[in-house]
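# Chains, contacts and geometry: an overview
One-letter residues, chain by chain:
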Amino acid sequence: KFILGPSCAARRLREAYVFHVVPMVNVDGVVHGNSRCTLAGVDPNRVWHDPNPIIHPVVYTLKNHLRNIAQGATNRNLELFLDLHGHSAKFGCFFYGSCPTAPISNALFPKLCGITSSDFSFEQCHWRCSRSHRKTARYVVHKQLNVKYAYTMECSLFA
C-alpha cells in the first residue's frame, strides 16, 4: 500500500525507481497446497542457476527479464533485488544476504528496516551462503547479474 500511496516519500520513490513486483513464482504448487514445490516436484528457488524453459518457465522468464534490466536494456539499472519468503521455523522478519564478503554497505538496507519497523530483526540477518544456497534467486542475481544488493527477506509463517 505504501508505495502506491499519496505520501511525499512514496511519490519520490516512484519518481526515482521503477518497481517490478512478481507476486508469486510458485503459482501451480500453491494452488494445489504446496508452499515450496511446483507440480513438477521442483523447488523454484533451487533452479535459478540454470532454469529450464519447459520445466521452470516462470523462473526462466523472470531471470531473463532481470538480466535485461541488469544489462541496461531499459535505461535503468537493477539496484535492489528482494526475494520474499515465508519461514517455517524462525519467528519475525529478517534478511539473508548473498555474499559473506560483501561490503558493509550490504547491511544498510536490512539495518534500516530493523530501525524503522519492530517487525524486522537485524540481529537475525546473516550473509552466509552455503553451497546448497548457491542456486537460489538472491545468490544467482548477485553473482550472475552483478546486482550488489540482493536479499531474501524471510517472514515467519507463524506471526
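Above this note sits the structure.
The notes below deal with the structure included here. (Residues numbered from 1 in each chain as written. Predicted model: local features only at pLDDT ≥ 70, side-chain atom pairs only at ≥ 80, totals over all residues. Heavy atoms only, no water.)

### Topic: the state of the cysteines
- Summed over all chains, the structure comprises 1 disulfide.
- A sulfur-sulfur distance of 2.5 Å marks the disulfide that ties C93 to C155. Here the S-S torsion is close to 120°, and the disulfide linking C93 with C155 is therefore right-handed. Note that C93 is positioned in strand β2 (residues 93-96) and C155 in strand β3 (residues 149-156), a separation of 62 residues in sequence. (Disulfide = S-S within 2.5 Å. Helix = DSSP H or I, 4+ residues; strand = E, 2+ residues; numbered from the N terminus.)

### Describing the nonpolar core
- Within the largest apolar cluster, 15 residues are counted, with the highest numbers of intra-cluster contacts made by W48, L66, L78, F81, V141, L145 and V147.
- When contributions to this core are tallied by element, the ones reaching two or more residues are α3 (57-70) and α5 (137-144).
- Not counting chain neighbours up to four residues away, the residues in contact with W48 comprise V59, L62, K63, L66, K135, T136, A137, V140 and V141.
- In this structure, F94, Y96, C113 and M153 belong to the second largest nonpolar core, which totals 11 residues. (Core = buried A, V, L, I, M, F, W, Y, C linked by side-chain atoms within 4.5 Å. Buried < 20%, exposed > 50% of the residue type's maximum accessible area, 1.4 Å probe, protein only. Contact = heavy atoms within 4.5 Å.)

### Focus on the sheet that holds strand β1 (residues 80-87)
- With mixed pairing, the 3 strands of this open sheet are ordered in space as β1-β3-β2. Two strands lie at the open edges of the sheet, namely β1 and β2, each paired on one side alone. Strand after strand, the sheet turns through a mean of 25° between neighbouring axes, direction not considered.
- Taken together, the 4 bridges between β2 and β3 define a ladder with antiparallel strand orientation. By the bridge assignment, Y96 is partnered in β3 with T152.
- This element, helix α4 (residues 108-116), spans β1, β2 and β3 of the sheet and lies at about 175° to β2.
- Across the face of the sheet, α5 comes into contact with β1, β2 and β3 while running at roughly 170° to β3. (Pairing = 2+ DSSP bridges. Axes fitted to C-alpha atoms, helices over the stretch in contact; angles between N-to-C directions.)

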